[in-house]
Amino acid sequence: MTPIWRYYPPIQRQNSDLLSKMGRNIRLGILLLFFMTCFSQFVSAVPINILFLNEERNEMGREAFNVALEFTKKKLGPDIEIGKVIRAEGNSTDARTFLESMCSVYNDSIAEGSPPHIVMDMTMSGVASETAKSFTAALALPTISTSFGQEGDLRQWRSLNEDEKKYLIQIMPPADIIPEIVRSIVIYQNITNAGILFDDTIVMDHKYKSLLQNIPTRHMIVKVDMGNTEGQLKRLRERDIFNYFILGRIDTIKAVLDGAEENGFFDRQFAWHGITMESNSITCKCYNATVFYVKPTPNPQYTERFKALTDQFGLSKTPEISNAFYFDVALRTIIATKKLIDDNGEGYRKEYVTCNDYDENTPITRSLNLADAFTSVSEPYSYGPINIESNGKSMMEFEMEMETVTILENTALKKEHVANWKAGLMNALDVKDGKTMNQHSAVTVYRIVTVVQKPFVMYDGVDEKNRTKFKGYCINLIDEIRNITKFDYEIYEAPDKKFGNMDEMGKWNGMINELILKNADIALGSLSVMAERENVVDFTVPYYDLVGITILMKKPKAATSLFKFLTVLENDVWLCILAAYFFTSFLMWVFDRWSPYSYQNNREKYKDDEEKREFNLKECLWFCMTSLTPQGGGEAPKNLSGRLVAATWWLFGFIIIASYTANLAAFLTVSRLDTPVESLDDLAKQYKIQYAPLNNSAAQTYFKRMADIETRFYEIWKDMSLNDSLSDVERAKLAVWDYPVSDKYTKIWQAMKEAGFPESLDDAVDKVLKSKSSSEGFAYIGDATDIRYLVLTSCDLQMVGEEFSRKPYAIATQQGSPLKDQFNNAILQLLNKRKLEKLKEQWWNQNPEKKKNCEKQDDQTDGISIQNIGGVFIVIFVGIGLACITLAFEYWWYRFKKSPQVVDAGNVVVQPRQIPTAGGGKMDQGLTMQGFRSRNPTFPEHNFRRHAAPLTGVANPW
């Protein structure tokens, strides 16, 4: 038993005086000794009874509490006596059993006359923690709790009055403070996405909403799946998570990093943060990785004490910071309780109510200031000071250091200290090396979904990681925006390769569905702005002109022929003309041969005429041919009968030439005017050409809705017309013979369903190209961009008619995304700089796939093509060729078959022969031809010369 003077100094001095006088007055001494003995029994040290509440998983708290009890007995035993330690332990699921356990031991302690002076609550969170808080608050038991939770998280302690706040105290453990560094890192690096993984050493139940509250960071908090970290990381990556925070033991961090290495997640776009309470170095099976490693920094001021506790009392559990925290809280709670007992005496132990006697209508009150008593304890700390504020704000002071660790081939080779962090709820990072931090931070990467539509988005092979690459107008556009807003992106094609339409159930597909599911941040492509789409996603300002729906058809090709000019007249007509030509030529030769007035039969009469033309058969053929030409046939026959034949031929030729010219012009004009379809109305009026849009396309939706609207209008009009409640006057106003609303789109929609909807653009183009002609086959109705590009890159297709249902193109983002405003500013800047016009020029007018040598389609302003008139040139070449052959034949005939004989011209005697004279008579026999000259005087020595007897009376010219 502790002597009373140890606690009461005045009584100590009085006892010394009495002993000095004991010899003089023994009776007084005996009475005084009796008094002192009785008083000492009354004021001796009161043993401290403790109710220890814990849960199964907090083994470290249990061991640290036991070490604190042992330390008190060995180091503080003369001053503090530990009485009865009552223990109750629960789990995270069974609140009833835990409550019954607490009530049982509590009621027993009251029955034994040793109720607890203090409750040491080391439950962590959840059911066990809330059960313990409810128990202590209801029975007004002074409690020190180390449960997890910030202000308001302890639901049973939310509505404490001022007196209760003084003896119901919560101190957050380091494991509850350390996750707050994630918030500080996210704010400093402006991180937009985060994956937070934790193990069982960290309690995150209350952090899901509060950790990154009021910060525009899309994040997921999940417990580490130690058996499948690789698959877990893949699922997070599919949600576009690039910044990862791993909170827990070193082994947990290593397992997650190993999974990241298996997935290849150490690219520039990823950032990894390992946050632990342990002090060991980090390792992983990584080939080349850089990790931000965060761990506590021991305070040198308390290192020696913690080492002594470890050596002497076995305080050796790891992590050290948690072990030291639980020990310090337990020890200081015991010392603070001793102070309360000393200050309040007997009043501290009154008003204990058993669980069975508890009445919620009669609350128990206490006036104890446990918070001040805890703060006034002067016992040295083991790791760091513990500050007591209000519940949810009390914690231990400590610091953490942040360093970059470069791991090459499973070995940590390089470490760089980049920042410090003082533990707290709203404390910012103390950055030491911002450049290094930024260098290893994840680049902002947005996930972009797209649909291929030339020239906006086109395939461009694969990259080194076998991922599909894209090019086109939109790819250049997003690159320009990236240069302004500074981000990176990953692009993929929509799984169903659709832009996004809503079905009858209100469900979306395509790119719009990817945004709704948050699989993508941006939808990029030739995406039309539609009211129904704006209900589920956000659109930027338009980046392209209004684009509508139009018609694609096969380009008409007129039949071409080099001898098309011959097809103006039928073959029978040509044969008749040819027969007339030969018959007229023959008849003219006959008339000229037998007419006594012709030139050949009356030479003397016409000897003074300038033109003397003998119409033999050859001349007649030539005359009739040339008479059909503008230059005419030349000198007409001299005889009247011949002239009548020529005049008849001229009249015949004039009619034939005039008819041929008129028919040729009409023939060519009609072939160019053959354009049966020029608009949607023309398509609807004919039946030879089938037409339809793509299945499940925006164009199909447009026509279907237009047909539905017409049907609804018809039903409304019919109901109005057949309404019996109308008066005669009102009914007369509706009495019309014609239906007032057109059923144009109803008929078009019916025709489209009969034609069938192509499943892809390639199928539609193939059907168009297989059309027999532009007036029979298939016409595709679709997006004007698709059709314009198909016409640009194909010589066999044409766009028909004007665009209708025009809408602008824009970029889509998730609803409420801040990207919308950023992209709006960037697009407006590009518009002001005329960058969008340059992109349009590049991908339309300068497109490398543009067909430059297409045959020009005939129209009214074009002339006759060479394909149709080229035959006349062939005629020229054939004529020239025949002339050349004839010339060669003439030369050969004259030189080799009709070579002249070389004779003495002076002795040529004309043989007896009748030769017609100019006067129509005959030459006399034996007439000598004076002055005759050889036709080849310059070749007297050629091999073909014949020698003959000299002619009498003819001089030799040589």
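These numbers were taken from a predicted model, which means no experiment stands behind them.

1. Structural notes on the overall build of the chain
Per the secondary structure count, the chain includes 30 helices and 26 strands. Residues counted as buried form 44% of the 958 residues belonging to the chain. Considering only intrachain contacts with a sequence separation of at least 6, the fraction spanning at least 24 residues in the chain is 73%.

2. Regarding unusual backbone geometry
A negative phi angle characterises most non-glycine residues, just as the trans form characterises most peptide bonds. Omega for the bond connecting threonine 318 with proline 319 falls within 30 degrees of zero, at 5 degrees, which places this linkage in the cis form. Mapped onto the secondary structure, proline 319 falls in the loop between α12 (300-313) and α13 (320-344). Here the phi dihedral of lysine 486 falls at roughly 60 degrees; this positive angle occurs in a residue that is not glycine. In this structure, lysine 486 sits in the loop between α16 (473-485) and β19 (488-493). Positioned with a positive phi, arginine 834 is a non-glycine residue whose angle comes to about 65 degrees. Its location among the elements puts arginine 834 in the loop between α28 (819-832) and α29 (835-845).

3. Considering the sheet that holds strand β9 (residues 271-275)
The eight strands lie next to each other as β7-β6-β8-β9-β10-β13-β14-β15, forming an open sheet whose pairing is mixed. Across the chains shown, the open sheet's two edge strands, defined by having one partner strand only, are β7 (218-223) and β15 (430-431). Packing of helix α11 (residues 250-263) onto the sheet brings it into contact with β8 (243-247), β9 and β10 (288-297), and relative to β9 it is tilted by some 165 degrees.

4. Brief notes about the environment of glutamate 480
With respect to the element layout, glutamate 480 can be found in helix α16. A sequence separation of 356 residues divides glutamate 480 from leucine 836, and the C-alpha atoms of the two residues are 9.8 Å apart. Glutamate 480 has contacts with Leu830 and Lys835, leaving out every residue within four places of it along the chain.

5. Section: the pairing of strand β13 (residues 399-408)
A large share of β13 lies buried, amounting to seven of its 10 residues. With 10 bridges joining them, β10 and β13 adopt antiparallel strand pairing. In the sheet register, phenylalanine 292 faces β13, and the bridge partner there is threonine 404. Between the end of β13 and the start of strand β14 (residues 411-422), which pair antiparallel, lie two residues, with glutamate 409 showing a positive phi angle near 50 degrees.

6. Concerning a nonpolar patch on the surface
A contiguous nonpolar patch, built from Ile709, Phe713, Ile716 and Met720 and spanning about 360 Å² of accessible area, is present on the exposed surface. Methionine 720 gets classed as partly exposed once you look at its relative accessible area, which sits at 40%.

7. What about the sheet that holds strand β4 (residues 143-145)?
Two modes of strand pairing occur in sheets, parallel and antiparallel, and in both the strands are linked by backbone hydrogen bonds. The strand order β2-β1-β3-β4-β5 describes an open sheet built from five strands, whose pairing is parallel. Because the sheet does not close on itself, it has two edges, and the strands there are β2 (82-90) and β5 (168-170). Strand-to-strand twist in this sheet, taken as the mean axis angle between neighbours without regard to direction, amounts to 15 degrees. Of the pairings in the sheet, the one linking strand β3 (residues 118-121) to β4 comprises three bridges and is parallel in character. By the bridge assignment, valine 119 is partnered in β4 with threonine 143. Most of the contacts of helix α3 (residues 59-75) go to β2, to which it runs at about 180 degrees, and overall it touches β1 (48-55), β2 and β3. Contacts between helix α5 (residues 126-138) and the sheet are confined to β1, β3, β4 and β5, with β1 contributing the most and set at about 150 degrees to the helix.

8. Some words on the state of the cysteines
Tallying each qualifying case throughout the model produces two disulfides. Two residues share a disulfide in this structure: cysteine 103 and cysteine 355, whose sulfurs sit 2.4 Å from each other. Because the sign of the S-S torsion sets the handedness, a value of about -90 degrees for the bond joining cysteine 103 and cysteine 355 places this disulfide among the left-handed ones. Taken together, the residues span a long stretch of sequence, with cysteine 103 in helix α4 (residues 95-111) and cysteine 355 in the loop between α13 and α14 (370-375) at a distance of 252 residues. Accessibility assignment for this pair places cysteine 103 and cysteine 355 in one class, buried. Cysteine 284 shares a disulfide with cysteine 286; S-S distance 2.0 Å. Linking cysteine 284 and cysteine 286, the disulfide has an S-S dihedral of approximately -135 degrees and is accordingly described as left-handed. You'll find cysteine 284 and cysteine 286 in the same group, each marked buried. Cysteine 620 carries a free sulfur, and the closest cysteine sulfur to it, the one in cysteine 624, is 6.7 Å from it. A relative accessible area of 0% means that cysteine 620 is categorised as buried. According to the relative accessible area criterion, cysteine 624 is buried, its value standing at 0%.

9. Side note on the packing of α3 against α12
Packing of α3 against α12 leaves a shortest axis separation of 12 Å and a crossing angle of 90 degrees. Comparing the axis directions of α3 and α12 gives the class roughly perpendicular. Contacts between α3 and α12 pair Val67, Glu70, Phe71, Lys74 and Lys75 from the former with Arg305, Leu309, Gln312 and Phe313 from the latter. A per-class count over the contact of α3 with α12 returns four nonpolar, one polar and four charged.

10. A few points about the confidence of the model for the chain
This prediction gives the chain a mean pLDDT of 81; 84% of its residues lie at or above 70. Here helix α1 (residues 9-20) stands out as the element of the chain with the lowest mean pLDDT, 34, in contrast to β4, whose mean of 95 is the highest. Below pLDDT 50 for its whole length, residues 1-43 participates in 24 contacts with residues either more than four positions away or in separate chains. Note on residues 913-958: pLDDT is under 50 here. Beyond four places in sequence and across chains, it has 70 contacts.

11. As for helix α8 (residues 180-189)
Judged by how many residues are buried, α8 sits mostly within the fold: eight of 10 residues are covered. Turning to α8, its buried residues are Glu180, Ile181, Val182, Arg183, Ser184, Ile185, Val186 and Gln189. Trailing α8 by a residue or two, asparagine 190 shows a phi angle of about 55 degrees, which is positive.

12. So, the layout of surface pockets
Each pocket or cavity is described by its volume, and for the largest pocket that value is around 1,100 Å³. Of all the secondary-structure elements, those providing two or more residues to the lining of the largest pocket are β22 (544-554), α23 (698-721), α26 (761-769), β24 (777-783), α27 (784-792) and β25 (797-809). The class makeup of the residues in the lining of the largest pocket is 16 nonpolar, 13 polar and 12 charged.

13. Let's talk about the side chain of serine 585
When you line up the elements, serine 585 lands in helix α19 (residues 571-594). From its side chain, serine 585 meets the backbone oxygen of cysteine 620 in a polar contact 3.5 Å long. The residues contacting serine 585, other than those within four sequence positions of it, are Cys620, Leu621 and Cys624.

14. Examining the pattern of salt bridges
Applying the stated criterion across every chain yields a total of 38 salt bridges. Across the pair lysine 338 and aspartate 342 runs a salt bridge whose closest N-O atoms are separated by 2.3 Å. Note that lysine 338 and aspartate 342 are positioned in helix α13 at a spacing of four residues, about one turn of the helix. A residue is classified by how much of its surface remains accessible, and aspartate 342, at 48% relative accessible area, is partly exposed. Between lysine 704 and glutamate 504 there is a salt bridge whose closest N-O contact spans 3.6 Å. Taken together, the positions of lysine 704 in helix α23 and glutamate 504 in the loop between β19 and α17 (510-516) put the pair 200 residues apart, joining distant regions of the chain. For lysine 704, a relative accessible area of 35% translates into the label partly exposed. The class for glutamate 504 is exposed, based on a relative accessible area of 71%.

15. A short note on the packing of aromatic side chains
Inspection of the entire model under this criterion finds 36 aromatic pairs. With a centroid separation of 4.1 Å and an interplanar angle of 5 degrees, the aromatic rings of phenylalanine 52 and phenylalanine 65 are classed as stacked. In this pair, phenylalanine 52 sits in strand β1 while phenylalanine 65 sits in helix α3, placing the two residues 13 residues apart along the sequence. Residue phenylalanine 65 is classed as buried on the basis of its relative accessible area, which comes to 1%. Ring centres of phenylalanine 456 and tyrosine 544 lie 5.0 Å apart, and the angle between their planes is 80 degrees; this geometry places the pair in the edge-to-face category. Of this pair, phenylalanine 456 sits in the loop between β16 (445-450) and β17 (458-462) while tyrosine 544 sits in strand β22, and the two are 88 residues apart along the sequence. In this structure phenylalanine 456 comes out as buried when scored by relative accessible area, which is 1%. Put simply, the rings of Phe242, Tyr244, Phe265, Phe266, Phe270 and Trp272 touch in pairs and so form one group of aromatic residues. Arginine 447 extends its terminal NZ or CZ atom over the ring of tyrosine 492, reaching a point 4.3 Å from the ring centre.

Thresholds applied
- Residues numbered from 1 in each chain as written.
- Predicted model: local features only at pLDDT ≥ 70, side-chain atom pairs only at ≥ 80, totals over all residues.
- Heavy atoms only, no water.
- Helix = DSSP H or I, 4+ residues; strand = E, 2+ residues; numbered from the N terminus.
- Buried < 20%, exposed > 50% of the residue type's maximum accessible area, 1.4 Å probe, protein only.
- Contact = heavy atoms within 4.5 Å.
- Pairing = 2+ DSSP bridges.
- Axes fitted to C-alpha atoms, helices over the stretch in contact; angles between N-to-C directions.
- Patch = residues over 30% accessible without salt bridge, like charges linked within 9 Å, V, L, I, M, F, W, Y side chains within 5 Å.
- Areas by Shrake-Rupley, 256 points an atom, 1.4 Å probe, with all protein chains shown as cover.
- Salt bridge = Lys/Arg side-chain N within 4 Å of Asp/Glu carboxyl O.
- Disulfide = S-S within 2.5 Å.
- Parallel < 35°, antiparallel > 145°, perpendicular 65-115°, else oblique.
- Nonpolar A, V, L, I, M, F, W, Y, C, P; charged D, E, K, R; others polar.
- pLDDT = per-residue confidence, 0-100.
- 1 Å grid on protein atoms, 1.4 Å probe; cavity = no way out; pocket = protein on both sides within 12 Å on 5 of 7 lines; lining within 4 Å.
- Points joined across faces, edges and corners; volume = space filled by probe spheres on them.
- Polar contact = N/O pair within 3.5 Å; in protein donor to acceptor, adjacent residues only side chain to side chain.
- Phe/Tyr/Trp six-rings, centres within 6.5 Å; stacked < 30°, edge-to-face > 60°.
- Lys NZ or Arg CZ within 6 Å of the ring centre and 35° of its normal.

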